[in-house]
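Coordinate inspection notes
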Amino acid sequence: MTIKYEWRGDFDNASLNALHADGFGHPVAQTDWRERLERHSLGWVCAWEDGSLIGFVNVVWDGGGHAFILDTVVAQPCRSRGVGATLVATAAEEARAAKCEQAEAEPELVNRTRR
């Protein structure tokens, strides 16, 4: 199966809430991700496989040259296939394209990807 990565991809809140719950092991919430991202984020990356949202990463920023990579999540059945690493690499590339001089990842993410 081919995975498509999309900067500022169009998603629905229900799909992202379900992915977040699956990835982080909590009940499905009713978060309005679209509103949150439009208000606080430089952008985000969606990973799609067969029309399903299987991965996501959020890139928040300070309005200047500093970005933070947050909320990295990959559906459990899709892990260990390089999806998370590609999400983060795409996010960092897009942050650089937006003239961010620094893009930092969550410490937990850095530790998980070093293994």
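Owing to the predicted nature of the structure, the values given are computational and were not obtained by experimental measurement. (Residues numbered from 1 in each chain as written. Predicted model: local features only at pLDDT ≥ 70, side-chain atom pairs only at ≥ 80, totals over all residues. Heavy atoms only, no water.)

A short note on the pattern of salt bridges
Counted only if it meets this: By salt bridge we mean one thing: a side-chain nitrogen of Lys or Arg within 4 Å of a carboxyl oxygen of Asp or Glu. Helix numbering and strand numbering both begin at the N terminus, where a helix is a DSSP run of H or I of at least 4 residues and a strand a DSSP run of E of at least 2. For every residue, the accessible area obtained with a 1.4 Å probe (protein chains only) is divided by the maximum for its type, and the residue is called buried under 20%, exposed over 50%, and partly exposed between those limits.
Enumeration according to the criterion identifies five salt bridges in this entry. Of the charged contacts, one joins Glu38 and Arg8 as a salt bridge, the two residues approaching to 3.4 Å between their closest N and O atoms. Of the two residues, Glu38 sits in helix α2 (residues 33–40) while Arg8 sits in the loop between β1 (3–7) and α1 (13–24), which places them 30 residues apart along the sequence. The partly exposed category is assigned to Glu38, whose relative accessible area is 45%.

Here we look at α1
Basically, it comes down to this: Expected helix span is computed as 1.5 Å times (number of residues minus one). It only takes one pair of heavy atoms within 4.5 Å for two residues to be counted as in contact. Any N or O atom pair separated by 3.5 Å or less is treated as a polar contact, with the protein-specific requirement of one donor-capable and one acceptor-capable atom, and with residues adjacent in sequence counted only for side-chain atom pairs.
Its twelve residues give α1 an end-to-end C-alpha distance of 16 Å, which sits within 8% of 16 Å, the value for a rise of 1.5 Å per residue. Listed as buried for α1 are Leu16, Asn17, Leu19, His20, Ala21 and Gly23. Looking at the packing, one finds that the buried side of α1 touches α2, β3 (52–61) and β4 (66–74). For α1, the side-chain oxygen to backbone nitrogen distance between the N-cap and Ala14 is 3.2 Å, and the N-cap itself is Asp12. Trailing α1 by a residue or two, Gly25 shows a phi angle of about 70°, which is positive.

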